[in-house]
Amino acid sequence: MDLEIRNLSHKYNDLEVLKSISLEIRSGQIVCIVGPSGCGKSTLLRMIGGLEQPTSGGVYQIGEPPADSLNPLTYIFQDFALLPWRTAWGNISLVLEEHNLGAEAVRERIENVLERTRLTEFANAYPRQLSGGMKQRVAIARALAVNPAVLLMDEPLSALDSQTRELLMDDFVALWQREAFTACYVTHNLAEAVALGHKIIVLSRRPGVIRNVVEIPVPIGERQHGSPELIEIQDQLWEMMREEALSADRELADV
């Protein structure tokens with residue numbers, strides 16, 4: 001299933017947040033969205049996911065989700081959103097409970113995503129027993145359990161330290177190589193965008209419009225940390241954003 005965003009705009013009362021956004025998210029692609037603080041990245045993701053309605057324009061699902069998809073659009077949040085009284089297994093099973101699946105089908109789904117996210121031995125661990133990176137792996141496994149057509153990821157690694165973030169980026173790459181998924185990935189971290197995105201959407205300062213679309217020529221599985229080609233792309237992205245990021249920072253500080 002593909003997603004098409006057509007001429008999408010959004011206002012909060014008189015505050016124009018997004019203006020005439022049009023982009024495509026093709027099946028099997030990871031599309032990253034970057035831009036200065038307050039440019040509407042998370043608002044755009046919420047509208048793609050149906051949590052907010054645009055003032056004009058729309059989001060269209062093209063084609064059918066996978067046959068065994070229980071939820072075509074599924075979020076992964078930065079704060080994990082795990083229930084502390086449930087184990088890793090219990091947190092994953094939560095998203096399956098409202099569906100008419102037999103016990104065997106539920107078990108197979110949970111075991112599959114635990115194995116894919118390297119969490120099998122932690123199935124009975126509670127969130128308090130897990131590191132931040134492991135908690136986020138549980139959140140990823142929970143999202144994958146419904147076999148979504150598109151993952152919507154809102155700063156999923158921003159709450160983690162730099163080493164854990166690097167490990168989770170490697171995990172995302174390994175997951176995608178094993179079974180290509182589709183994702184819209186919002187981040188303020190340009191290194192994440194360059195490491196994970198097939199293409200990167202650069203939004204302007206508010207009202208957010210698409211300034212640039214940057215496609216990464218290196219296949220995801222062949223990207224090396226610190227390679228000159230990727231560093232050059234990252235530097236180009238920063239040059240596109242530098243002045244507006246500074247202006248946005250001053251504006252937020254004034255507020």
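The rules we used
Along each chain, numbering runs from 1 in the same order as the chain's sequence is written. For a predicted model such as this one, the threshold for reporting local features is a pLDDT of at least 70, and the threshold for listing and counting side-chain atom pairs is 80 or more; totals across whole chains, interfaces and linings nevertheless cover every residue. Working from all heavy atoms in the structure, the side-chain values ignore hydrogens and water. UniProt positions are given in the numbering used here, feature names are shortened, and annotations may be inferred rather than shown by experiment. When the centres of two rings from Phe, Tyr and Trp lie within 6.5 Å, Trp using its six-membered ring, the rings pair. Their planes under 30 degrees apart give stacked, over 60 give edge-to-face, and anything left gives tilted. Under the scheme applied here, a residue whose accessible area is under 20% of the maximum for its type counts as buried, over 50% as exposed, and between as partly exposed, the area being computed with a 1.4 Å probe on protein chains only. Numbering of helices and strands runs from the N terminus; a helix is a DSSP stretch of H or I covering at least four residues, while a strand is a stretch of E covering at least two. Counted as over-ring charges are cases with an Arg CZ or a Lys NZ within 6 Å of the ring centre that also lie within 35 degrees of the ring normal. Residue contacts are counted whenever heavy atoms from the two residues lie within 4.5 Å of one another. Counting of polar contacts relies on pairs of N or O atoms within 3.5 Å, with two restrictions inside protein: one atom must be capable of donating a hydrogen and the other of accepting it, and residues adjacent in sequence are counted only when both atoms are side-chain atoms. To obtain an axis, a line is fitted to C-alpha atoms, over the contacting stretch when the element is a helix, and the angle between two such axes runs from 0 to 180 degrees between their N-to-C directions. Every angle not falling under 35 degrees, over 145, or within 65 to 115 is termed oblique; those three ranges are roughly parallel, roughly antiparallel and roughly perpendicular. Each crossing is labelled by how the near helix is turned from the far one, with a counterclockwise turn of less than a right angle marking it left-handed and a clockwise turn marking it right-handed. Following the grouping adopted for this structure description, the nonpolar residues are Ala, Val, Leu, Ile, Met, Phe, Trp, Tyr, Cys and Pro, the charged ones are Asp, Glu, Lys and Arg, and the polar ones are all others, Gly among them. Between any two strands, at least two bridges found by DSSP are needed for them to pair. Crossover handedness is defined here as right-handed if the route from the first strand over the helix to the second strand goes clockwise, with the strands pointing away from the viewer. What makes a salt bridge here is a side-chain nitrogen of Lys or Arg within 4 Å of a carboxyl oxygen of Asp or Glu, nothing more.

As recorded in an unreviewed UniProt entry, the chain goes by the name ABC transporter ATP-binding protein, listed as coming from Flavimaribacter sediminis. The Sequence similarities (unreviewed entry) comment attached to the chain in UniProt states, word for word, "Belongs to the ABC transporter superfamily."

## A short note on the packing of aromatic side chains
Taken as a whole and judged by the stated rule, the model has two aromatic pairs. Here Tyr75 and Phe77 contribute two aromatic rings whose centre-to-centre distance is 5.2 Å and whose plane-to-plane angle is 5°, an arrangement assigned as stacked. For Phe77, a relative accessible area of 35% gives the class partly exposed. Judged by centre distance (6.1 Å) and plane angle (85°), the rings of Phe172 and Tyr185 are edge-to-face. Note that Phe172 is positioned in helix α5 (residues 162–178) and Tyr185 in strand β7 (residues 183–186), a separation of 13 residues in sequence. Classification of Phe172 as buried rests on a relative accessible area of 3%. Its relative accessible area of 1% is what places Tyr185 among the buried residues. Between the NZ or CZ atom of Arg6 and the centre of the ring of Tyr60, over which it lies, the distance is 4.2 Å. If you follow Arg128 out to its NZ or CZ, it ends over the ring of Tyr126, 4.9 Å from the centre.

## Here's the deal with the environment of Glu155
For Glu155, the position within the fold is in the loop between β6 (150–154) and α5. Between the C-alpha atom of Glu155 and that of Met47, which follows or precedes it by 108 residues, the distance is 16 Å. Apart from the residues lying within four places of it in its own chain, the contact partners of Glu155 are Lys41, Gln78, Val186, Thr187 and His188. Within the structure, the side chain of Glu155 is placed 2.8 Å from the side chain of His188, a separation counted as a polar contact.

## Here we look at the side chain of Asp171
Residue placement: Asp171 occurs in helix α5. Filtering out sequence-adjacent residues up to four positions away, Asp171 remains in contact with Arg118 and Arg137.

## Structural notes on the packing of helix α4 (residues 132–145) against α5
Contact pair α4 / α5: the axes reach a minimum separation of 10 Å and the direction vectors enclose 25°. Classified by the angle between their axes, α4 and α5 sit roughly parallel to one another. In this structure, α4 meets α5 at a crossing whose hand is right-handed. Here Gly133, Arg137, Ile140 and Leu144 of α4 lie close against α5, whose contacting residues are Thr164, Leu167, Leu168, Asp171, Phe172 and Leu175. Class assignment of the residues belonging to the contact of α4 with α5 gives a composition of six nonpolar, two polar and two charged.

## What to know about the pairing of β7
Because side chains alternate across β7, one face comprises the buried residues Ala183 and Tyr185, and the other comprises Cys184 and Val186, equally buried. Examined bridge by bridge, strand β3 (residues 30–34) and β7 share four bridges and lie parallel to one another. Across the sheet, Cys32 pairs through a bridge with Tyr185, a residue of β7. Direction of pairing for β6 relative to β7: parallel, over a ladder of four bridges. Considered in β7, the bridge of Leu152 is made with Cys184. Crossover handedness for the path β6 to α5 to β7: right-handed.

## Some remarks on the pattern of salt bridges
Tallied over the entire structure, the rule returns 14 salt bridges. Here Arg46 and Glu52 are joined by a salt bridge, their closest N and O atoms 2.5 Å apart. Judged by its relative accessible area of 18%, Glu52 falls in the buried class. With a closest N to O distance of 2.5 Å, Asp171 and Arg118 form a salt bridge. You can see Asp171 sitting in helix α5 and its partner Arg118 sitting in the loop between α3 (103–116) and α4, a full 53 residues away along the chain. For Asp171, a relative accessible area of 12% translates into the label buried. Classification of Arg118 by relative accessible area gives exposed; the value is 54%. Taken together, the shared-partner salt bridges connect Asp2, Glu4, Arg6, Glu24 and Arg26 into one network.

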